[in-house]
Amino acid sequence: MKNEILEQIPALRAYSRVLCRRVPDAEDLVQETLLRAIEYADSFRPGTNLRAWLFTIMRNRFYTNCRKSAREQTGGTDCVSEQSRAQAGQEWHMQACEMHAALRDLPPHYREAILLVGALGESYLEAARILNCDIGTIKSRVNRARQMLRKVLEPEF
Amino acid sequence: MSHLMQKNIEIPELGPELEKALSELIEQTGREPISARLRELAACLAAALERPEA
């Protein structure tokens, strides 16, 4: 089980950086998510999607923190300008940089949808559960995000 | 992913270029080291999840 949880860390990091934008805040959120999951371990049903459960906890934690601190968690500088403050070893491949910058410019709900569905391979159904909306809304957001990303990444398209 | 397809759970196709770019983003986080603190938390969570119900 420990290895199964460790295998989710990269995905949790990716999602946290979509939410938090700054890498140090994102790392804190990953730790908070695991702490929260320990607290609510009884709510997990064995055999169900562990990653989706952790994503839901992370998202709830993030928005709870936003409400508590009453400051904008999304928006602000893009990842390119944060590069110099990134921790050692977190150098981004050029195309990943472009993708990250393009993700930054998406509206938050599009950003979450495309990451969960496009990058992390969650189904529409699971993404809808994590984001607490219906499947039609997820499909619409993914489609819209996809169009916006393709315009940025493939300008000749 | 095959178990999801067996259940006919819809997973959208995004196009090869977009999928490749997103995959690289995820691969990047996969290459980053996992701290001792995260490993400790993962072990605690595993223990909590494996704990038999009272």
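Residues numbered from 1 in each chain as written. Chains lettered and ligands numbered in written order. Predicted model: local features only at pLDDT ≥ 70, side-chain atom pairs only at ≥ 80, totals over all residues. Heavy atoms only, no water.

*Asks:* Quick question: what am I supposed to make of the pattern of salt bridges here?
*Replies:* It is possible for side chains bearing opposite charge to pair when their charged atoms get close. Across all of its chains, the model carries nine salt bridges over all chains by this definition. Note that Glu27 of chain A is salt-bridged to Arg17 of chain A, the shortest N-O span being 3.7 Å. Note that Glu27 of chain A is positioned in helix H3 (residues 23-39) and Arg17 of chain A in helix H2 (residues 9-20), a separation of 10 residues in sequence. A salt bridge links Glu39 of chain A to Arg36 of chain A, with the nearest nitrogen and oxygen atoms 3.5 Å apart. Taken together, the residues span about one helical turn, with Glu39 of chain A and Arg36 of chain A both in helix H3 at a distance of three residues. The class of Glu39 of chain A is exposed, set by a relative accessible area of 52%. A relative accessible area of 26% places Arg36 of chain A in the partly exposed class. Look at the salt bridges and you will find they share partners, linking Arg13, Arg17 and Glu27 of chain A together with Glu32 of chain B into a network. (Salt bridge = Lys/Arg side-chain N within 4 Å of Asp/Glu carboxyl O. Helix = DSSP H or I, 4+ residues; strand = E, 2+ residues; numbered from the N terminus. Buried < 20%, exposed > 50% of the residue type's maximum accessible area, 1.4 Å probe, protein only.)

*Asks:* Just to check I follow, could you spell out helix H7 (residues 108-119) of chain A for this structure?
*Replies:* Spacing of three or four residues puts side chains on the same side of an α-helix, whose turn is 3.6 residues. All names here are of chain A. If you check H7, its first and last C-alpha atoms are 15 Å apart, about what 12 residues at 1.5 Å a residue would give, namely 16 Å. A large share of H7 lies buried, amounting to 10 of its 12 residues. Inspection of H7 places Tyr110, Arg111, Glu112, Ala113, Ile114, Leu115, Leu116, Val117, Gly118 and Ala119 among the buried residues, and these make up the whole buried set. Positive backbone phi, at 75 degrees, marks Gly121, one or two positions downstream of H7. (Expected span 1.5 Å × (residues − 1).)

*Asks:* Please clarify how the packing of H2 of chain A against H3 of chain A should be interpreted in this entry.
*Replies:* Two quantities define a packed helix pair, namely the angle between the axes and the distance from one axis to the other. Residues and elements named next belong to chain A. The contact between H2 and H3 brings their axes to 8 Å, and the two run at 125 degrees. As summarised for this structure, H2 and H3 are arranged oblique, according to the angle between their axes. Here the hand of the crossing between H2 and H3 comes out right-handed. In this structure, H2 uses Ile9, Leu12, Arg13, Ser16, Arg17, Leu19 and Cys20 to contact H3, whose residues at the interface are Val23, Asp25, Ala26, Glu27, Leu29, Val30 and Leu34. (Axes fitted to C-alpha atoms, helices over the stretch in contact; angles between N-to-C directions. Parallel < 35°, antiparallel > 145°, perpendicular 65-115°, else oblique. Left-handed = near helix turned anticlockwise from the far one by under 90°. Contact = heavy atoms within 4.5 Å.)

*Asks:* Where do I start with the packing of H2 of chain A against H7 of chain A in this structure?
*Replies:* All names here are of chain A. Where H2 contacts H7, the two axes come as close as 10 Å, and the packing angle between them is 170 degrees. Put simply, H2 runs roughly antiparallel to H7. Contact with H2, carried on its side by Ala14, Tyr15, Val18 and Leu19, involves Arg111, Glu112, Leu115 and Leu116 of H7 and no other residues of that element. Tallied by class, residues from the contact of H2 with H7 come to six nonpolar, no polar and two charged. (Nonpolar A, V, L, I, M, F, W, Y, C, P; charged D, E, K, R; others polar.)

*Asks:* When you look at the side chain of Glu112 of chain A in this model, what are you seeing that I'm missing?
*Replies:* All names here are of chain A. Relative to the helices and strands, Glu112 is located in helix H7. A relative accessible area of 2% means that Glu112 is categorised as buried. Within polar-contact distance, the side chain of Glu112 engages the side chain of Arg59 at 2.6 Å. Sequence-distant contacts of Glu112, defined by excluding residues within four places in its chain, comprise Tyr15, Val18, Leu19, Arg59, Tyr63 and Leu131. (Polar contact = N/O pair within 3.5 Å; in protein donor to acceptor, adjacent residues only side chain to side chain.)

*Asks:* What is the right way to look at the state of the cysteines in this model?
*Replies:* As used in these notes, a disulfide is a covalent bond between sulfur atoms, one from each of two cysteines. All names here are of chain A. The tally for this structure, following the rule as stated, stands at zero disulfides over all chains. In this model Cys66 remains outside any disulfide bridge; the closest cysteine sulfur is found in Cys20, 7.7 Å from its own. Cys66 provides the cysteine sulfur closest to Cys133, a residue in no disulfide bond, and the two sulfurs are 18 Å apart. (Disulfide = S-S within 2.5 Å.)

*Asks:* What am I meant to see in the packing of aromatic side chains here?
*Replies:* Geometrically, a pair of aromatic rings is defined through the distance of the ring centres and the angle of the planes. Residue and element names in this part refer to chain A. For the structure shown, the criterion picks out three aromatic pairs over all chains. Taking the centre distance of 5.0 Å and the plane angle of 65 degrees together, the rings of Tyr15 and Phe55 count as edge-to-face. You can see Tyr15 sitting in helix H2 and its partner Phe55 sitting in helix H4 (residues 50-69), a full 40 residues away along the chain. Relative accessible area serves as the criterion here: at 0%, Tyr15 is assigned to the buried category. On the accessibility criterion, Phe55 (0% relative accessible area) is buried. Ring centres 5.0 Å apart and planes at 50 degrees place the aromatic pair Phe44 and Trp53 in the tilted group. (Phe/Tyr/Trp six-rings, centres within 6.5 Å; stacked < 30°, edge-to-face > 60°.)

Nothing here speaks to function; it is geometry throughout.
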